[in-house]
Amino acid sequence: MGLTYSKKQEAGWDLLEDPSKTSIMFDGGGRSGKTVLLVEWLISLALCYPGSWHAVLRKHRAHCKNALWNGSFDKYLTEHMKGSTRKYKLNKDEMSIIFDNGSRIIFDGCDDEARVRNLYGNEYMTIW
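Residues numbered from 1 in each chain as written. Predicted model: local features only at pLDDT ≥ 70, side-chain atom pairs only at ≥ 80, totals over all residues. Heavy atoms only, no water.

Asker: Just checking my understanding: could you explain the layout of surface pockets for this structure?
Answerer: Empty space left among the atoms is revealed by rolling a probe the size of a water molecule over them. There is about 450 Å³ of room inside the largest pocket. Lining of the largest pocket is provided by 17 residues; of these, Arg-31, Thr-35, Val-36, Ser-72 and Lys-75 occupy positions nearest its centre. Residue assignment for the lining of the largest pocket shows that the elements contributing at least two residues are α2 (34–48) and α3 (61–80). With eight residues, α3 is the largest single contributor of residues to the lining of the largest pocket. A class-by-class count of the residues in the lining of the largest pocket yields five nonpolar, seven polar and five charged. The calculated volume of the second largest pocket comes to roughly 330 Å³. (1 Å grid on protein atoms, 1.4 Å probe; cavity = no way out; pocket = protein on both sides within 12 Å on 5 of 7 lines; lining within 4 Å. Points joined across faces, edges and corners; volume = space filled by probe spheres on them. Helix = DSSP H or I, 4+ residues; strand = E, 2+ residues; numbered from the N terminus. Nonpolar A, V, L, I, M, F, W, Y, C, P; charged D, E, K, R; others polar.)

Asker: Explain α2 here, please?
Answerer: Residues lying three or four places apart along an α-helix face the same way, a consequence of the helix completing one turn every 3.6 residues. Under the 1.5 Å per step criterion, the end-to-end length of α2 is 21 Å for 15 residues, consistent within 8% with the ideal 21 Å. For α2, the buried fraction is high: 11 of the 15 residues fall into the buried class. Against the buried residues of α2 lie α1 (7–16), β1 (53–58), α3, β3 (96–99), β4 (104–109) and β5 (126–127). (Expected span 1.5 Å × (residues − 1). Buried < 20%, exposed > 50% of the residue type's maximum accessible area, 1.4 Å probe, protein only. Contact = heavy atoms within 4.5 Å.)

Asker: How should the pairing of β4 be read in this particular structure?
Answerer: A regular strand places its side chains so that they alternate between the two faces of the sheet. Counting buried positions along β4 gives six out of six residues, so the element sits mostly inside the fold. Along β4, one buried face is formed by Arg-104, Ile-106 and Asp-108 and the opposite face, lined by Ile-105, Phe-107 and Gly-109, is buried too. The pairing of β1 with β4 spans six bridges and is classified as parallel. Counterpart to Trp-53 in the pairing with β4 is Arg-104. As judged from the three bridges shared by β3 and β4, these two strands associate in the antiparallel manner. (Pairing = 2+ DSSP bridges.)

Asker: Explain the nonpolar core to me, please; I cannot follow it from the model alone.
Answerer: Grouped together as the largest cluster of nonpolar side chains are 24 residues, with contacts concentrated most on Ile-43, Val-56, Phe-73, Ile-97, Phe-99, Ile-105 and Phe-107. Per element, the largest residue contribution to this core is nine residues, and it comes from α2. When neighbours within four sequence positions are excluded, Ile-105 is seen to be in contact with Leu-42, Ile-43, Ala-46, His-54, Val-56, Phe-73, Met-95, Ser-96, Ile-97 and Phe-99. (Core = buried A, V, L, I, M, F, W, Y, C linked by side-chain atoms within 4.5 Å.)

Asker: Quick question: what am I supposed to make of the sheet that holds β5 here?
Answerer: Backbone-to-backbone hydrogen bonds pair the strands of a sheet. The strands run either parallel or antiparallel. Taken together, five strands build an open sheet; the order of strands is β2-β3-β4-β1-β5 and the sheet is mixed. Strands at the two margins of the open sheet, each flanked by one partner only, are β2 (88–91) and β5. Summarising the sheet, β1 and β5 pair through two bridges and their orientation is parallel. Its bridge partner lying in β5, His-54 is registered against Thr-126. Along the sheet, α2 makes contact with β1, β3, β4 and β5, crossing β1 at roughly 155°. (Axes fitted to C-alpha atoms, helices over the stretch in contact; angles between N-to-C directions.)

Here it is as structure tokens:
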């Protein structure tokens, strides 16, 4: 959508699109491009599959909010989706992105039993 990929990111994208893969773990140093690749991948899935649900989870909700919700996703949406014909709404209270095609990406932490129980029963296309 908006990125120019490094060779490692291209290889990572190929892995993400391989239907035979059900679990993938990337490793690498800080600022190596793992997070931004996954951000673009999740947004592209949400746009390509109307009504799909995606979860972005961290151990602690505060870490998810600070690093991913306020950091990586906000930066990506601002830089690469501004002026796009594809519309989305941010629900800051629920920490979710809801696209006009009915897809959503929710963000949360697994540090509270009640929040984890709220995740049950939903069918997620992807969980990161």
